[in-house]
Amino acid sequence: MTYLPTESRYDTMQYNRCGKWGLKLPAVSLGLWHNFGGIDFFENGRAMVHRALDLGITHFDLANNYGPPPGSAEENFGKILKQDLSAYRDELIISSKAGYLMWPGPYGEWGSRKSLLASLDQSLKRMGLEYVDIFYSHRPDPDTPLEETMMALDRAVRSGKALYVGISNYPADMAKEASHILKELGTPCLIHQPKYSMFERWVEDELLDVLEEEGIGCIPFSPLAQGLLTNKYLKGIPEGSRATREVFLKKEHVDTAHDKIVALNAIAQQRGQSLAQMALAWILRDRRITSVLIGASSVNQLNDNVDMLKNIVFSDEELDTIEKVLK
């Protein structure tokens, strides 16, 4: 099968600047955390990557440990790149991260120079790349000086193995300090990837203000709260859903949020959207957000999520109503 991306792929997607920097990302980016690993059907993941590019999604977000098993999402994405996308490498933004457990021993996780740079080399090998566009510190390391972690990111750029660097899961104070260290090193922080959704709003307290002040972009992950902000749980917990089998989403989370989910779904219907579409659009309401990072299990789900770009404007009344539900 020869893949040729549609010529109109850039006609409808919105592209936003990363903070004050020159790089633009699509308003919707595709994350490969789930559904692209060794246990998943390769051709389904391949079809989603093809469709994403056809929709103007140029940014594909990975990490060393994505799978399962760990590393397999990068391996599969590398196969897709080699088979289908090698001619389009300069049209793509590919990111990876290091910080969570990847291999045994003291260097297989966290934020030491040894761990980060060894992981980056492994990621590049798995994907068959000479460089990634963005390399992240996936989480702050309580036992490693922040300077060391940031020096490793700086080294990744200076060695030509990454074009930009970012941070993920950093609280506001550490994000600000990390930004200052990177500026002094001469490799500014491009972007921050925090967890953010209607049900998890910690970034609004300080982090978004810090990112705006520092000129850093923001690309939230888990914008649908592991599926809570979809129509899947409107009538309880269906058999085989994430809430029955995953540690990230538990039955009590669904039970606690159920009334809010139903109320939010009613607002979404009034807007002519699904609950998932409204939840994604709600993230993009803030001009400090560069891109919203989605996951997908099928081409149809990908299409549905991207369709939310047809209606990303909220009236003051709609925002007030949503706030009352979320309180």
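Residues numbered from 1 in each chain as written. Predicted model: local features only at pLDDT ≥ 70, side-chain atom pairs only at ≥ 80, totals over all residues. Heavy atoms only, no water.

Time to look at the overall build of the chain. For the chain, the helix and strand inventory stands at 10 helices and 10 strands. For a compact globule of 327 residues, the expected C-alpha radius of gyration is about 20 Å, and the chain comes in at 19 Å, within 12% of that figure. In terms of principal-axis extent, the alpha carbons of the chain reach across some 50 × 50 × 40 Å. Across the 327 residues of the chain, 54% fall into the buried class. A separation of at least 24 residues holds for 76% of the contacts in the chain among residues at least 6 apart in sequence. Of the roughly 14,700 Å² that the chain leaves accessible, carbon and sulfur atoms contribute 50%. Positive and negative side-chain charges of the chain, numbering 36 and 44 respectively, have mean locations separated by a distance of 3 Å. (Helix = DSSP H or I, 4+ residues; strand = E, 2+ residues; numbered from the N terminus. Rg over C-alpha atoms; globule rule 2.2 N^0.38 Å. Buried < 20%, exposed > 50% of the residue type's maximum accessible area, 1.4 Å probe, protein only. Contact = heavy atoms within 4.5 Å. Areas by Shrake-Rupley, 256 points an atom, 1.4 Å probe, with all protein chains shown as cover. Lys, Arg positive; Asp, Glu negative; His and termini not counted. Charge placed at Lys NZ, Arg CZ, Asp CG, Glu CD.)

Below, the discussion takes up the nonpolar core. Of all hydrophobic cores here, the largest spans 89 residues; its most connected members are Leu-30 and Leu-264. By residue number, the principal contributor to this core is helix 8 (residues 275–283), which donates eight residues. Contacts of Leu-264, omitting those with residues within four sequence positions, involve Met-198, Phe-199, Leu-229, Leu-275, Met-278, Ile-322, Val-325 and Leu-326. One finds Cys-18, Leu-25, Leu-190 and Phe-221 within the second-largest nonpolar core, a separate group that totals 11 residues. (Core = buried A, V, L, I, M, F, W, Y, C linked by side-chain atoms within 4.5 Å.)

This next bit is on a negative patch on the surface. Taken together, Glu-147, Asp-173, Glu-177, Asp-205 and Glu-206 make up a surface patch of like negative charges. Within the secondary structure, Glu-177 is located in helix 5 (residues 172–185). (Patch = residues over 30% accessible without salt bridge, like charges linked within 9 Å, V, L, I, M, F, W, Y side chains within 5 Å. Salt bridge = Lys/Arg side-chain N within 4 Å of Asp/Glu carboxyl O.)

Below, the discussion takes up the packing of aromatic side chains. On inspection of all chains with the given rule, the structure shows four aromatic pairs. With 6.1 Å between their ring centres and 55° between their planes, Tyr-10 and Tyr-15 make a pair best called tilted. By relative accessible area, which is 34% here, Tyr-10 ends up partly exposed. Between the aromatic rings of Tyr-196 and Trp-282, the centroid separation amounts to 5.8 Å while the plane-to-plane angle is 50°, which identifies the pairing as tilted. Here Trp-282 lies in helix 8 and Tyr-196 lies in the loop between strand 8 (189–193) and helix 6 (207–214), a separation of 86 residues in the sequence. (Phe/Tyr/Trp six-rings, centres within 6.5 Å; stacked < 30°, edge-to-face > 60°.)

With that settled, the discussion passes to the packing of helix 4 (residues 146–158) against helix 5. Two packed helices can be described by the angle between their axes and the distance between those axes. Between helix 4 and helix 5, the shortest axis-to-axis distance is 9 Å and the interhelical angle comes to 45°. When the axes of helix 4 and helix 5 are compared, the pair comes out oblique. Judged by the sense of rotation from one axis to the other, the crossing of helix 4 with helix 5 is right-handed. Between helix 4, through Leu-146, Glu-147, Met-150, Met-151, Leu-153, Asp-154 and Arg-158, and helix 5, the contact on the second element is made entirely by Met-174, Glu-177, Ala-178, Ile-181, Leu-182 and Leu-185. Looking at side-chain class alone, the contact of helix 4 with helix 5 contains nine nonpolar, no polar and four charged residues. (Axes fitted to C-alpha atoms, helices over the stretch in contact; angles between N-to-C directions. Parallel < 35°, antiparallel > 145°, perpendicular 65-115°, else oblique. Left-handed = near helix turned anticlockwise from the far one by under 90°. Nonpolar A, V, L, I, M, F, W, Y, C, P; charged D, E, K, R; others polar.)

Spatially, 9-8-7-6-5-4-3-10 is the arrangement adopted by the eight strands of the open sheet, whose pairing is parallel. Only two strands of the sheet have a single partner each, and these edge strands are strand 9 (217–218) and strand 10 (292–294). Of the pairings in the sheet, the one linking strand 6 (residues 132–137) to strand 7 (residues 162–168) comprises five bridges and is parallel in character. Counted as the bridge partner of Ser-137 is Ile-167 from strand 7. (Pairing = 2+ DSSP bridges.)

On to the pairing of strand 3 (residues 28–31), then. Both faces of strand 3 are covered, namely the face carrying Val-28 and Leu-30 and the face carrying Ser-29 and Gly-31. Here strand 3 runs beside strand 10; their pairing, made up of three bridges, is parallel. Bridging from a neighbouring strand, Val-28 pairs with Val-292 of strand 10. Strand direction decides the pairing type here: strand 3 and strand 4 (residues 59–61), joined by two bridges, are parallel. Paired with Gly-31 across the two strands is Asp-61, which belongs to strand 4. Crossover connection from strand 3 via helix 1 (residues 42–54) to parallel strand 4: handedness right-handed. (Right-handed = clockwise from strand over helix to strand, strands pointing away.)

Over the atoms rolls a probe the size of a water molecule, and its path tells where empty space is left. The full count for this structure, using the stated rule, is one cavity of 30 Å³ or more. Space inside the largest cavity adds up to approximately 40 Å³. Lining the largest cavity, in full, are Asn-35, Phe-36, Gly-37, Asp-40, Phe-41, Phe-42, Gly-45, Arg-46, Asn-76 and Ile-80. At the level of elements, helix 1 and helix 2 (72–85) are the ones that each hand at least two residues to the lining of the largest cavity. By residue number, the principal contributor to the lining of the largest cavity is helix 1, which donates three residues. Partitioned by chemical class, the residues of the lining of the largest cavity number four nonpolar, four polar and two charged. (1 Å grid on protein atoms, 1.4 Å probe; cavity = no way out; pocket = protein on both sides within 12 Å on 5 of 7 lines; lining within 4 Å. Points joined across faces, edges and corners; volume = space filled by probe spheres on them.)

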